[in-house]
Protein chains: 4
Amino acid sequence: MIIIMKPKTEEEQIKKVISIVEGKGLKINLSKGMTNFIIGCIGDTSVLDPSKLLRIDGVDKVLKVQEPFKKANKLFKQEPTIVDVNGVKIGGKNLGIMAGPCSVESEEQIIEVAKSVKASGGNFLRGGAFKPRTSPYSFQGLELEGLKLLKLAKKETGLQIVTELMSTDYIDDFVENVDVIQIGARNMQNFDLLKQIGKTDKPILLKRGLSATIEEWLMSAEYIMAGGNENVILCERGIRTFEPYTRNTLDLSAIPVVKRLSHLPIIIDPSHAGGYWYLVEPMAKAAIVAGADGLMIEVHNDPENALSDGQQSIKPENFRSLMEKIKVLAKLESKEI
Amino acid sequence: MIIIMKPKTEEEQIKKVISIVEGKGLKINLSKGMTNFIIGCIGDTSVLDPSKLLRIDGVDKVLKVQEPFKKANKLFKQEPTIVDVNGVKIGGKNLGIMAGPCSVESEEQIIEVAKSVKASGGNFLRGGAFKPRTSPYSFQGLELEGLKLLKLAKKETGLQIVTELMSTDYIDDFVENVDVIQIGARNMQNFDLLKQIGKTDKPILLKRGLSATIEEWLMSAEYIMAGGNENVILCERGIRTFEPYTRNTLDLSAIPVVKRLSHLPIIIDPSHAGGYWYLVEPMAKAAIVAGADGLMIEVHNDPENALSDGQQSIKPENFRSLMEKIKVLAKLESKEI
Amino acid sequence: MIIIMKPKTEEEQIKKVISIVEGKGLKINLSKGMTNFIIGCIGDTSVLDPSKLLRIDGVDKVLKVQEPFKKANKLFKQEPTIVDVNGVKIGGKNLGIMAGPCSVESEEQIIEVAKSVKASGGNFLRGGAFKPRTSPYSFQGLELEGLKLLKLAKKETGLQIVTELMSTDYIDDFVENVDVIQIGARNMQNFDLLKQIGKTDKPILLKRGLSATIEEWLMSAEYIMAGGNENVILCERGIRTFEPYTRNTLDLSAIPVVKRLSHLPIIIDPSHAGGYWYLVEPMAKAAIVAGADGLMIEVHNDPENALSDGQQSIKPENFRSLMEKIKVLAKLESKEI
Amino acid sequence: MIIIMKPKTEEEQIKKVISIVEGKGLKINLSKGMTNFIIGCIGDTSVLDPSKLLRIDGVDKVLKVQEPFKKANKLFKQEPTIVDVNGVKIGGKNLGIMAGPCSVESEEQIIEVAKSVKASGGNFLRGGAFKPRTSPYSFQGLELEGLKLLKLAKKETGLQIVTELMSTDYIDDFVENVDVIQIGARNMQNFDLLKQIGKTDKPILLKRGLSATIEEWLMSAEYIMAGGNENVILCERGIRTFEPYTRNTLDLSAIPVVKRLSHLPIIIDPSHAGGYWYLVEPMAKAAIVAGADGLMIEVHNDPENALSDGQQSIKPENFRSLMEKIKVLAKLESKEI
């Protein structure tokens with residue numbers, strides 16, 4: 001950590017800052033620029049709080065040298081993390097293709113969709129049982145009944161189940177019935193939930209918040225990992241911008257950035273990001289060649305009558321055709337599904 | 001709700017859309033523009049899901065005529081809601097001034113700050129017992145011990161207590177010990193939490209999410225109100241933009257916008273918004289003349305040694321001086337503290 | 001255009017609005033919803049100004065049915081525009097690969113880079129002669145001398161020249177010496193410049209503004225086209241968000257959105273978008289499979305000593321290797337370079 | 001400037017960076033943190049280009065210590081700049097109140113509005129003669145005829161004239177006829193225009209770009225000042241966010257931030273920022289108590305029939321009533337109009 005003092009700061013103030021830093025067991029490197037004194041802090045600077053330093057008279061800026069995440073940091077683990085979901089892997093050379101409806105609606109629906117996902121080459125079934133809806137008057141999901149139906153669909157197809165957990169009240173149900181626990185964008189900084197799933201050993205799919213920076217997202221992964229659960233898969237699903245033609249702006253640059261900063265796998269959800277079905281195919285293909293470790297795609301057998309988010313779902317036949325293209329691109333990238 | 005069909009859509013498709021709309025018990029008004037057919041839907045259109053309509057071939061756009069919030073909507077309740085917190089009112093002519101440290105740190109600290117808040121004319125004591133911190137390695141608050149200390153401070157000063165609830169596990173503790181339950185920006189769309197506090201009768205302070213639109217914020221208020229608890233106070237605390245000189249951009253226009261859309265009171269938190277102590281006074285004053293129903297301000301007796309967010313806290317003597325200015329402006333606005 | 005009246009608006013006000021609309025030669029369709037009157041305006045609604053309508057008492061909202069761009073609108077020209085630059089085409093099946101240094105620095109530099117671009121399969125040489133720099137104290141480009149050097153490089157390699165015009169004072173020089181005139185992001189709404197280049201017959205590369213919506217970008221294309229010059233190539237180069245790990249956020253969804261709205265070709269600049277060289281390859285590949293009509297890439301023979309933007313330039317050998325991958329992907333997409 | 005090297009960088013690379021820095025005539029301060037070497041650069045670091053440094057192997061980050069603006073920097077001029085417009089001052093204790101229609105439409109209109117602005121206590125008449133319109137098909141202003149009408153209005157009322165210049169072709173006309181030359185948000189980084197007005201001695205009103213950071217805005221002021229013209233007035237007019245209820249989000253925090261960084265005066269335009277007339281009064285009042293040096297407000301005698309932006313204009317009687325409130329607040333702030 002580097003502390004920049006204001007021009008013309010009195011020596012007494014500089015000494016005060018130095019004594020605070022040294023009081024924390026750190027060493028200092030003091031240098032004088034053209035106009036400012038600069039105090040370099042050497043040692044484990046995570047004991048320093050920039051917020052407090054900035055409150056001291058004479059301190060102008062506090063610059064971070066190290067990223068604040070540790071367990072998620074590539075610096076401390078070079079090789080990519082491969083998350084193993086009952087033998088199905090994500091990360092390294094392994095692509096995870098998660099597909100299915102926005103919401104689980106009925107046994108018939110979820111099994112029909114699951115079969116088509118399986119037939120097209122997907123390896124995970126997604127489907128919301130508990131739905132985070134903007135309006136309290138919208139359909140909120142089949143809840144525990146939805147988990148049962150997902151389990152039936154797994155039995156029928158062998159697909160691994162990924163579905164969203166919104167409440168700590170249901171952690172046990174999810175640990176028992178689900179293969180990957182999804183934390184939605186709106187709960188990315190629900191720290192209570194992160195801490196509690198950090199104590200389980202289930203793989204976690206952590207969606208990026210609606211306007212979270214990549215650093216904050218990795219810090220949320222850190223919350224889970226700090227609890228002992230290092231099976232975290234990141235999922236980019238669009239960030240909020242001022243552009244109205246798309247619901248959110250899919251940030252595909254997040255793939256190479258995350259690969260540079262962290263060893264965790266990252267997948268892309270092109271359905272929620274753009275909000276329109278016609279954006280799914282081009283963005284899914286783009287994600288694969290940009291280095292994503294997988295995709296999460298909404299597939300519905302009857303989008304016009306879907307109970308949620310029909311406009312962003314593609315039909316099973318379009319998913320099949322998309323998967324043919326994905327397979328070709330995956331091969332070019334030396335990836336396997 | 002208005003459905004715009006694409007140019008050259010076949011009659012059959014238009015009939016299909018009409019039959020869907022009529023099937024929901026609505027009436028339709030069909031008109032033909034220069035290039036597009038336009039279907040007006042008349043009746044309670046909350047039964048229509050734009051997402052499904054957009055998935056139908058031939059549908060180009062779906063435009064909303066009404067706001068999606070009901071209980072929070074000024075259309076259905078003209079007079080401003082006045083939230084009564086054990087006799088201390090917020091809304092209408094009544095300003096709520098909430099002040100105190102970011103975190104409760106010790107009995108001595110919270111009582112000293114509380115006394116100075118009281119002496120300067122504040123009517124609520126704020127102070128975090130459970131702290132939402134970006135890093136799992138940062139101080140997470142004194143938790144239940146913090147609630148006890150707040151209660152002591154209340155006993156000493158008579159100030160009403162407002163503090164943040166992050167987990168459904170502690171709802172009973174908060175209902176028992178706290179006067180206003182704060183829902184933080186990061187939990188604005190933690191729908192599980194919103195539903196559960198909607199069943200209590202405690203006043204709720206609902207912070208706007210880091211990048212929430214005003215509509216989404218009011219929909220989160222609607223979640224609480226739909227559960228039966230209509231004592232909701234909105235709190236604007238800055239939205240995320242690309243500007244790095246301030247932590248967030250305080251959106252003061254939200255005050256007149258909320259006043260136009262809703263009957264709920266709205267207060268402003270200039271401390272978290274900007275992230276620097278020197279922004280607090282000008283933004284607090286601005287909030288009052290822009291029509292805010294109150295303020296939430298971080299005051300710390302020793303900001304340089306605060307356990308969190310010291311750089312945005314002001315000292316008790318600065319709070320006193322700020323309150324003198326606020327009182328003059330409040331009088332001009334015909335408001336009372 | 002659809003006008004939504006406020007609930008409880010008096011009949012007199014509704015009549016006033018109707019008479020204004022009819023006075024413009026339009027027909028109206030009046031319908032009554034649950035709470036609001038709705039006035040549909042039928043005919044060429046470009047004569048109506050939403051801003052004025054919104055000022056009339058009783059008017060609540062004005063909703064647009066049609067996109068405001070005409071010549072750029074796919075509705076009025078289904079087949080994709082193919083821009084022909086002295087026989088080198090962009091659009092349809094033809095990819096335009098523009099590469100070269102941020103700034104033209106010397107004859108030796110530009111010719112060396114041009115040769116390597118040519119050898120690797122690029123068909124355009126980019127290079128800034130006039131540089132838009134945030135600081136007045138930064139290198140501003142070789143100006144007219146730069147144009148001369150670009151012309152020399154063209155003579156040597158046969159590559160078409162694309163370079164940025166910042167001032168109407170130099171239009172004649174650009175028309176004479178350049179093959180594609182680039183309008184930079186910062187000048188996307190320099191309407192004076194747009195109008196004047198609209199009177200030339202040179203192909204124009206129009207970069208998206210730093211925070212322009214797609215609609216505004218197409219309206220800027222419309223400015224050029226309205227002047228008579230329909231040879232417009234759009235270039236997405238990242239939009240401003242709150243994410244600090246990348247300079248801007250590359251909005252690849254803009255490709256399918258633009259393809260849906262307009263017939264104009266769209267290319268991607270992954271160098272300026274992300275701001276770091278390591279983002280160039282993954283984003284360039286992603287752009288191609290997402291349907292882009294070309295790329296604009298910064299290549300410098302000695303990035304460490306570049307006079308501008310070295311950190312986002314790739315070296316000639318990396319460009320060669322990238323082009324091998326692009327060629328494979330282009331073939332999959334049935335595109336030709 | 002501080003250069004952070006990557007962990008495990010070889011000594012040879014560190015020596016290379018040091019030799020580059022020293023080659024520019026700077027001194028260095030080398031220190032070793034826990035994992036990284038850190039190179040402090042001492043001297044006039046404006047000769048270093050972070051972009052080039054970042055391209056060197058082993059360089060991880062480059063951190064700036066000093067702000068990049070010089071003439072606009074408060075560090076080098078403590079007392080506030082007071083811009084004198086023919087005796088009417090802006091800055092220090094002097095408020096500039098600029099009001100008038102979005103566009104000059106006719107002699108009758110501009111003179112009527114000017115008289116009412118004067119009567120209510122405004123000291124500048126605003127009015128667009130050249131209008132930057134998103135659509136080429138919208139009214140573009142009366143152009144030179146508009147300047148003439150503004151001059152007539154000045155003769156009639158004595159108000160100083162402020163109006164927007166969009167093209168270098170008209171600089172002479174503006175220097176001759178106008179008192180303050182406005183540079184619009186869309187031209188904030190039209191560097192050609194900035195350079196040329198920097199050579200005049202007219203006061204310049206520089207609007208903040210639609211998504212410009214405060215640093216970029218001050219750098220645009222620096223362009224003008226570097227040319228010799230130090231009479232720059234900054235004008236905040238809203239920045240682009242994701243919030244749709246307001247056209248832009250007015251960033252009032254920019255007032256205290258600019259006051260901390262620069263000596264230049266800053267005024268607020270609440271009309272363009274929000275886009276709706278009902279936001280003007282609360283935001284204008286807020287601006288004054290937050291420390292603004294003035295206001296720019298749209299006033300139209302007949303907003304329903306305005307040729308542009310009617311929905312954000314207030315009527316003369318509302319302006320009069322607003323000015324009464326502004327005068328009271330100005331007095332509290334020890335400001336004079």
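Our structure's up above, just so we're on the same page.
Here goes a summary of the coordinates provided. Quick caveat, the model's predicted, so the values are computed rather than measured.

So, the pattern of salt bridges
Going through the model one piece at a time under the given rule, you end up with 62 salt bridges over all chains. For Arg-240 of chain A, the salt bridge identified is with Glu-216 of chain B, shortest N-O distance 2.6 Å. Within this pair, whereas Arg-240 of chain A is found in the loop between strand E12 (232-236) and helix H8 (254-261), its partner Glu-216 of chain B is found in helix H7 (residues 214-226), the two belonging to separate chains. Exposure class is identical for Arg-240 of chain A and Glu-216 of chain B. Each is buried. Among the charged side chains, a network of salt bridges with common partners joins Arg-208, Glu-236 and Asp-251 of chain A together with Glu-243 of chain C.

Thoughts on the pairing of strand E9 (residues 160-164) of chain D
Residues and elements named next belong to chain D. In terms of residue burial, E9 counts as a mostly covered element, since five of its five residues are buried. Side chains Gln-160, Val-162 and Glu-164 project from E9 onto one buried face, and the interleaved Ile-161 and Thr-163 project onto a second face that is buried too. For the crossover from strand E8 (residues 124-126) across helix H4 (residues 144-157) to E9, the handedness is right-handed. As paired strands, E9 and strand E10 (residues 180-183) are joined by three bridges and run parallel to one another. In the sheet register, Glu-164 faces E10, and the bridge partner there is Gln-182. Taken together, E9, helix H5 (residues 171-177) and E10 form a β-α-β motif whose crossover is right-handed.

Quick word on the relation of the copies chain D and chain B
Rotating chain D by 180° and moving it 0.0 Å along the rotation axis overlays it on chain B with an RMSD of 0.1 Å. Expressed as a symmetry operation, the mapping of one chain copy onto the other fits a two-fold axis. Identified as the residue of chain D closest to the rotation axis by C-alpha distance is Ala-286 of chain D, at 2.0 Å.

Quick notes on the relation of the copies chain A and chain B
Superposition record for chain A on chain B: RMSD 0.0 Å, screw rotation 180°, translation along axis 0.0 Å. A share of 100% of interface residues in chain A that are also interface residues in chain B marks the association as one of identical surfaces.

Concerning the interface of chain D and chain B
Contacts between the two partners involve 38 residues from chain D and, on the opposite side, 38 residues from chain B. Between chain D and chain B we count four salt bridges in total. Its salt-bridge partner being Glu-333 of chain B, residue Lys-285 of chain D comes within 2.7 Å of it at the nearest N-O pair. The tally of links between chain D and chain B comes to 10 residue pairs in polar contact (both at pLDDT 80 or more). Residue assignment for the side of chain D that touches chain B shows that the elements contributing at least two residues are helix H7 (214-226), helix H8 (254-261), helix H10 (280-289) and helix H11 (316-332) of chain D. Considering each element in turn, the side of chain D that touches chain B owes the most residues, five residues, to H10 of chain D. Across the side of chain D that touches chain B, the residue classes break down as 23 nonpolar, six polar and nine charged.

Describing the packing of helix H3 (residues 107-120) of chain B against helix H4 (residues 144-157) of chain B
Residues and elements named next belong to chain B. Packing of H3 against H4 brings their axes to within 9 Å, and their N-to-C directions diverge by 35°. Between H3 and H4 lies a crossing of right-handed hand. The residues of H4 that touch H3, namely those facing Glu-107, Ile-110, Ile-111, Ala-114, Lys-115 and Lys-118, are Leu-149, Leu-150, Leu-152, Ala-153, Glu-156 and Thr-157. A per-class count over the contact of H3 with H4 returns seven nonpolar, one polar and four charged.

Overview of the environment of Leu-63 of chain D
Residues and elements named next belong to chain D. On the secondary structure map, Leu-63 appears in strand E4 (residues 59-63). When its relative accessible area of 14% is taken as the criterion, Leu-63 is described as buried. Each C-alpha atom, one on Leu-63 and one on Pro-50, is 8.4 Å from the other, the two residues being 13 residues apart in sequence.

Basis of the calculations
- Residues numbered from 1 in each chain as written.
- Chains lettered and ligands numbered in written order.
- Predicted model: local features only at pLDDT ≥ 70, side-chain atom pairs only at ≥ 80, totals over all residues.
- Heavy atoms only, no water.
- Salt bridge = Lys/Arg side-chain N within 4 Å of Asp/Glu carboxyl O.
- Helix = DSSP H or I, 4+ residues; strand = E, 2+ residues; numbered from the N terminus.
- Buried < 20%, exposed > 50% of the residue type's maximum accessible area, 1.4 Å probe, protein only.
- Right-handed = clockwise from strand over helix to strand, strands pointing away.
- Pairing = 2+ DSSP bridges.
- Least-squares fit on C-alpha atoms with pLDDT ≥ 70 in both.
- Contact = heavy atoms within 4.5 Å.
- Polar contact = N/O pair within 3.5 Å; in protein donor to acceptor, adjacent residues only side chain to side chain.
- Nonpolar A, V, L, I, M, F, W, Y, C, P; charged D, E, K, R; others polar.
- Axes fitted to C-alpha atoms, helices over the stretch in contact; angles between N-to-C directions.
- Left-handed = near helix turned anticlockwise from the far one by under 90°.

Everything listed here is a matter of geometry and, on its own, says nothing about what the molecule does.
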